[in-house]
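# Geometric and topological summary
One letter stands for each residue in the lines below.
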Amino acid sequence: MNDEQTNLRHSAAHLLAAAVMQLWPKALRTIGPSIENGFYFDFDFGDTKITQNDLPRIEAEMTRILPAWKSFERYELDTDAAKKEYPGNAYKHELIDEFTNEGQKLTFYKSGQYWDLCRGGHVDHPDRQLKHFKLLSIAGAYWRGSEKNKMLTRIYGTVFSTQKELDDYLTILEEAKKRDHRKLGKDLEIFTFADEIGPGLPLWLPKGTIIKDELEKWGKQTEAKWGYQRVSTPFLTKRELFVTSGHVPYFEDEMYKVTVPGENKEETYFIKPMNCPFHHMIYKSKMRSYRDLPLKLAEYGTVARYEDSGSLNGILRPRLFCQNDAHVYCTEDQAVDVFVEIIRLHQYYYDALGLKDYYIVLCLRDPAKKDKYHGEEELWQKSESLSRAAMDKAGVKYVVEDEGAAHYGPKMDFKIKSAIGTEYGISTNQIDLFMPRRFDLKYTDRDGSQKYVIVQHRAPLGSSERFVGFLLEHFAGAFPVWLAPVQSAVLPITDKHLDYAQKVHQVLKDAGIRSELDARNEPLSARVRDWELQKVPYILAVGDREAQDNSVSVRKRGIAKTFSQSMPQFSASVIKEIATRSLA
Ligand SMILES: [Zn+2]
Ligand SMILES: [Zn+2]
């Protein structure tokens, strides 16, 4: 976000608040910052309920008052005078007291008849520059983001310098809505949730399970080729394991607990929130030599994390998920090359899925909160320099952020953009020097000395849940043939052609193609339409001619023209597409 955009967005937030105060003079205003892609403003409307239906009215009011907004004029007030501007508004009073205590000046900015406490950062000519706005949605938001505070009403909007930019953005939003994985997940019968089971605990339906299984099969085959060994670990552990790892003080609230009677006294077990310490125990189960390294232990491990209910989002952010996890144990000399190989593995998957736009974010410690983190300074620095060296060597694009590190070391997030440019954080990687010390993970070096290993955490395909959610939105439900739950639908033109349709269906099934036979008593066009809505890659109609010359009439998804192919030809070409995981 550049300053110009920030100023434009924040200025539009003023305009929004001005319109709201005209329409609901009793509302209490709070804050209105610019955010990525737009702005919001939070209000306390008291007992009045504001809904999506009110947005057009507010927009009309914004447009009505805008011509009088020639500029933003700056004023300074003292504490008492500033408070008088907001009678009965405890939110503003709280801010005013805070700014006063910090020794900040209390500045107000006025445009048209409206003014508000504000640090500044506006456009010069609001009447001309703020024309192209749109209010988008309404949500609840706690004052200052804390659940202990009152829930306010947040109005979101966006603004652009030109109508064209605004229209383009709204088109993308519309497209994103159509691609919403929760909508597609329901329409295409991929997953569901049940109140009786609980929020964030997804149920994979038969079609979704096919996609999930195909991805996991691909992950396992690929890892076997790349030298990984598979392990399998329990989904329960004694609390001690996470005391050793140092997670308990930070993450205990996010872990599901199970209590059992025990031999003498009650014992508490955790449902595993991550696979790492389990793999560390496998590493430790025997003496390791430098000759054994790098050692790559992989597991599709299901983990449970009690995510805050507000952050749950279908299968993109559930509370139970299965990770494409592995830990690579290596020496310090190997660390850079091991990480370069991990980056190559990501690139292999991304290339195969046609994902071109990705980069890595290297997340470091927030300098203001260094007490939040474990470990020695030296380990932090070494991990950071190894990570940078590997990313430089791999020639991959990356940015650095002063936040988001794990509590024991810097981490790297892979970000990918979907077909419509939406960004997803899919996998997290880490060069970890800390856990080997907590768990005493060593190897015997050439000279017989005992040294700590380095462990690299990686999960290129993320969790199956998140990855399928991402792919649903990326492909808009039109999965490539190898992932499509139904690969071909066979439709007899009339009852008369049922025998031949059955034969075709059976041949395809025998060839390992996921085929469905649709002999419903409905017109052909209606049946074709249903399968198109299901985004099936191949719809095959069969009638007299096809039965006669052992062929099929093929409707390929995305191609308007129907074409005819002999059965052996069709089946061979689909088998090839599946085997090569083709995107065509
Ligand atoms: Zn302002
Ligand atoms: Zn790990």
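Conventions adopted
Residues numbered from 1 in each chain as written. Chains lettered and ligands numbered in written order. Predicted model: local features only at pLDDT ≥ 70, side-chain atom pairs only at ≥ 80, totals over all residues. Heavy atoms only, no water. Helix = DSSP H or I, 4+ residues; strand = E, 2+ residues; numbered from the N terminus. Buried < 20%, exposed > 50% of the residue type's maximum accessible area, 1.4 Å probe, protein only. Contact = heavy atoms within 4.5 Å. Areas by Shrake-Rupley, 256 points an atom, 1.4 Å probe, with all protein chains shown as cover. Lys, Arg positive; Asp, Glu negative; His and termini not counted. Charge placed at Lys NZ, Arg CZ, Asp CG, Glu CD. Donors = N, O, S within 2.8 Å, 3.2 Å for Na, K, Ca; no water. Tetrahedral: all angles 85-135°; square planar, octahedral: opposite > 155°, others 65-115°. UniProt positions renumbered as here; feature names shortened; annotations may be inferred. Pairing = 2+ DSSP bridges. Axes fitted to C-alpha atoms, helices over the stretch in contact; angles between N-to-C directions. Domains from an automatic or database assignment.

## Re the overall build of the chain
- Of regular secondary structure, the chain possesses 19 helices and 28 strands.
- Based on the C-alpha atoms only, the size of the chain along its principal axes is roughly 85 × 75 × 55 Å.
- When the 584 residues of the chain are sorted by exposure, 49% land in the buried category.
- The contacts of the chain with a sequence gap of at least 6 include a subset with a gap of at least 24, amounting to 70%.
- If you sum the accessible surface of the chain, you get close to 28,500 Å²; carbon and sulfur atoms cover 49% of it.
- Of the side chains in the chain, 82 bear a positive and 84 a negative charge, and the two mean positions are spaced by 3 Å.

## A few points about the coordination of the zinc ion (ligand 2)
- Distances from the zinc ion (ligand 2) to its protein donors, namely Cys276 (SG), His327 (NE2) and His457 (ND1), fall within the range 2.0 to 2.3 Å.
- As a motif over one chain, the donors of the zinc ion (ligand 2) read C-x50-H-x129-H. With cysteine 276 in helix H11 (residues 276-283) and histidine 457 in strand E23 (residues 454-458), this pair connects stretches of sequence that are 181 residues apart.

## Brief notes about the coordination of the zinc ion (ligand 1)
- Only His10 (NE2), His14 (NE2), Cys118 (SG) and His122 (NE2) from the protein coordinate the zinc ion (ligand 1), and they sit 1.9 to 2.1 Å from it.
- Taken together, the 4 donor atoms coordinating the zinc ion (ligand 1) span angles of 97 to 127° at the metal, a pattern that classifies the geometry as tetrahedral.
- Mapping the donors of the zinc ion (ligand 1) onto the primary sequence yields the spacing H-x3-H-x103-C-x3-H. Of the two residues, histidine 14 is situated in helix H1 (residues 3-23) and cysteine 118 in the loop between strand E6 (114-117) and helix H5 (126-129); the sequence distance between them amounts to 104 residues.
- Classification of histidine 14 as buried rests on a relative accessible area of 3%.

## Details of the UniProt feature "domain: Aminoacyl-transfer RNA synthetases class-II family profile" (unreviewed entry) in the chain
- In this numbering, the UniProt entry assigns the feature "domain: Aminoacyl-transfer RNA synthetases class-II family profile" (unreviewed entry) to residues 223-480.
- Helix and strand shares over residues 223-480 are 28% and 28% respectively, and the end C-alpha atoms of the span are 22 Å apart.

## Considerations on the sheet that holds strand E15 (residues 295-304)
- Pairing within the open sheet is mixed, and its 8 strands lie in the order E11-E15-E16-E23-E20-E19-E17-E18. Looking at strand neighbours, the two that pair on one side only are strand E11 (229-230) and strand E18 (398-401), the edges of this open sheet.
- Bridge analysis of strand E17 (residues 358-363) against strand E19 (residues 411-417) gives 6 bridges, and the strand direction is antiparallel. Each bridged residue has a counterpart across the sheet, and for isoleucine 360 the counterpart in E19 is phenylalanine 414.
- Across the sheet, H11 touches E15, strand E16 (320-330) and E23, and the angle it forms with E16 is around 35°.

## Regarding the domain arrangement of the chain
- Under the domain assignment used here, the chain contains domain 1 (3-176), domain 2 (208-234 + 273-474) and domain 3 (488-579).
- For domain 2 and domain 3, the distance between their C-alpha centres works out to 42 Å.

## Examining the environment of aspartate 54
- Mapping aspartate 54 onto the fold places it in the loop between strand E3 (38-44) and helix H2 (55-65).
- Between the alpha carbons of aspartate 54 and phenylalanine 270 there is a distance of 47 Å; along the sequence they are 216 residues apart.
- Excluding anything up to four places from it in sequence, aspartate 54 contacts Trp24 and Lys49.

## Some words on the sheet that holds strand E28 (residues 563-566)
- Strand order in this open sheet of 5 strands is E25-E24-E26-E27-E28, and the pairing throughout is mixed. The sheet terminates laterally at strand E25 (515-517) and E28, the two strands that pair on one side only. Adjacent strand axes in the sheet meet at a mean angle of 30° when their direction is disregarded.
- Relative to strand E27 (residues 551-556), strand E26 (residues 538-542) runs antiparallel, the two being bridged by 4 bridges. The residue bridging alanine 541 from the neighbouring strand is serine 553, located in E27.
- Against the sheet, helix H16 (residues 498-510) contacts strand E24 (488-492), E25, E26 and E27, and its axis sits at roughly 165° relative to E25.

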